[in-house]
Amino acid sequence: MKILAVTACPSGVAHTYMSAEAIKVACKKAGIDCKVETQGSIGIEDEIGPDDLKGADAVILTTDMPIKNVERFEGLPKVKVRAGVAIKQADALIAKVSAALKDRA
Amino acid sequence: MSSNASVFKDMRQHLMNGVSHMIPVVVTGGILFAFATMLSMSTVTTEGAVTASNPVIDLFKQVGGIGLGLMVPVLAAFIANSIADRPGIAPGIICGQLAVNVGSGFIGGIIAGVLAGIVAEQIKRIKLPQSMQSLMPILIIPILTTLIVGAITLYVIGGPCAWLLSTLTTWLTSMSGTGAILIGAITGAMIGFDLGGPVNKVAYSTGVAIVGTEVAAGANCAFFGPIALAICLPPIALGIESYLLRGKFSDEERDAGIGAIIMGACGITEGAISYTTADPGRLIPINVIACAAAGGIAGALGVYCNAAWGGLVVLPVTSALTYLIALAVGIAIHAGLVFLLKKDYVKPETVDASDEDVDFEIEF
């Protein structure tokens, strides 16, 4: 399984990166491939390109701020979650998302 | 991009997009302007009538002044940008400046930004013949939107907003004694409550707006003093406690201690989140009480901060001594409460993560 994520937050210095880290760690623990793009105040880093989209099963988007360039995820299941929830409950979030994806498959 | 109903549903996101782009502008302008105030030695009274007596001060004053002046236009532009994409920027920035000019300040700016976004979004839906489509984004939408929202800003919302702002300003400038203590305690508590979340941002944005509008006169900068120190209190306090009260923190929390102290010093309250999420039942009340106490003390001592940012990095532009006293007392209260209330750390048993309730939506 492969999960993508894009994180952003109003000040763009803390929640963005903490939620990115939490999602990466949780995916690694669960043995899921993942790539996380951050849209912080420094700009976009680790941008998700066309290559990354190949084979992706879902994309997690944080809802604290409008996420830029969401059109590229057209057709992918979108998981919308507050950055704070992603930080606090990353393991549970990943578990629920992968369960939901498996149910559907 | 979005329908009308969803504009209001996503209003928080739109406002946050504005605030998010405004912060670097305000911080840059505020800190530079504050340096000008400090260098011209008029911060002693905080009645910062900056006299440009030499080229260096003049540089700080001019550059910083432009930064502060652009605060509301940038806010309005990026609210509109979030609602209507790029065609929102021109009407947003122009009507934001107009809102400032008619004296309706940040409240008028927010309304102008929202209106600019909504109107631009509506005009986008007008269908033109293919040959004229390219005129829409750069000519028709911005010009029509600016005219419409400009008229509303000037003749409808200008007056009431200016009245509201001047009332608010008068009330805040007149506060002293118990009023200042109360305001300091409330704003402090709000900053400490969710550590960078929505409640924190309300207090911060209000503070920024007041620093921005009144920094030239300096009188209201006292409003930002309690906010500035409440911003850095939780992370610094928790960082210090992770070393002093070893038994109450996990090894990972101690490893993050220095980081939390540095984040606090830089004015990033979020440094306290990792600790607080581990024990929210105790730490949220403790953060709130300590921040409220420090804020109240700051109000009593008349602590001010001339930059729209918190932490120790702004120390040169605050009433340094009383600022540190209020902060130290706050940290002491925080540490005392953690010592009394927080339970010793025990390694948690691994729980099955899939049993937790998680608040998220999934769209296929």
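Conventions we followed
Residue numbers restart at each chain and count upward from 1, following the sequence in its written direction. Here every chain gets a letter starting at A, and every ligand a number starting at 1, in the order they are written. This being a predicted model, a pLDDT of at least 70 is required before a residue's local features are given, and a value of 80 or more before pairs of side-chain atoms are given or counted; all residues contribute to the totals for chains, interfaces and linings. To obtain the side-chain values, all non-hydrogen atoms of the structure were used and water was disregarded. A helix here means a DSSP run of H or I that spans at least four residues, while a strand means a run of E at least two residues long, and both kinds are numbered starting from the N terminus. Accessible area is worked out with a 1.4 Å probe on protein chains only. A residue is then buried under 20% of its type maximum, exposed over 50%, and partly exposed in between. Note on contacts: a residue pair is in contact if any heavy atoms of the two residues lie within 4.5 Å. Using a 1.4 Å probe, accessible areas were evaluated by the Shrake-Rupley method; residue-level cover was limited to the displayed protein chains. The convention used is that axes are lines fitted to C-alpha atoms, helices contributing only their stretch in contact, and that angles between N-to-C directions extend from 0 to 180 degrees. For classification, angles of less than 35 degrees are called roughly parallel, those exceeding 145 degrees roughly antiparallel, those between 65 and 115 degrees roughly perpendicular, and all remaining angles oblique. By the definition used in this description, the sense in which the near helix is turned from the far one sets the handedness, with an anticlockwise turn below a right angle giving left-handed and a clockwise turn giving right-handed. In the scheme used here, Gly and all other residues not listed as nonpolar or charged are polar, with Ala, Val, Leu, Ile, Met, Phe, Trp, Tyr, Cys and Pro taken as nonpolar and Asp, Glu, Lys and Arg as charged. Criterion used throughout: strands pair if DSSP finds at least two bridges between them. A residue counts toward a patch only above 30% relative accessible area and without a salt bridge, and it is joined to like-charged neighbours within 9 Å or, for Val, Leu, Ile, Met, Phe, Trp and Tyr, to nonpolar neighbours within 5 Å. For this document, the term salt bridge refers to a Lys or Arg side-chain nitrogen within 4 Å of an Asp or Glu carboxyl oxygen.

Draft legend 1. Representation of the overall build of chain B. Each helix and strand counted, chain B has 15 helices and one strand in total. Counting over 364 residues, chain B shows a buried share of 51%. Here the analysis covers contacts within chain B between residues at least 6 apart in sequence; of these, 75% occur between residues at least 24 apart. Surface summary for chain B: the accessible area is close to 16,000 Å², and the carbon and sulfur share equals 71%.

Draft legend 2. Seen up close, the packing of helix α5 (residues 89-101) of chain B against helix α6 (residues 105-124) of chain B. All names here are of chain B. At a closest axis distance of 8 Å, the pairing of α5 and α6 adopts a crossing angle of 155°. Put simply, α5 runs roughly antiparallel to α6. As α5 packs across α6, the resulting crossing turns out to be right-handed. Where α5 approaches α6, its residues Pro91, Gly92, Cys95, Gly96, Ala99 and Val100 are matched on the opposing element by Gly105, Gly108, Gly109, Ala112 and Ala116. Within the contact of α5 with α6, the residues separate by chemical class into six nonpolar, five polar and no charged.

Draft legend 3. How the structure looks around the pairing of strand β5 (residues 78-81) of chain A. Pairing analysis gives four bridges linking strand β4 (residues 58-62) of chain A to β5(A), with the strands arranged parallel. Its bridge partner lying in β5(A), Leu61(A) is registered against Lys80(A). With four bridges connecting them, β5(A) and strand β1 (residues 360-363) of chain B associate as antiparallel partners. Opposite Lys80(A), over in β1(B), you have Glu361(B) as the bridge partner.

Draft legend 4. Focus on a nonpolar patch on the surface. Side chains of Met132(B), Leu135(B), Ile138(B), Leu139(B), Ile143(B), Leu144(B), Leu147(B) and Ile148(B) sit close together on the surface and give an oily, nonpolar patch of about 730 Å² of accessible area. Along the polypeptide, Leu135(B) turns up in helix α7 (residues 135-174).

That's the geometry; what it means functionally is another story.
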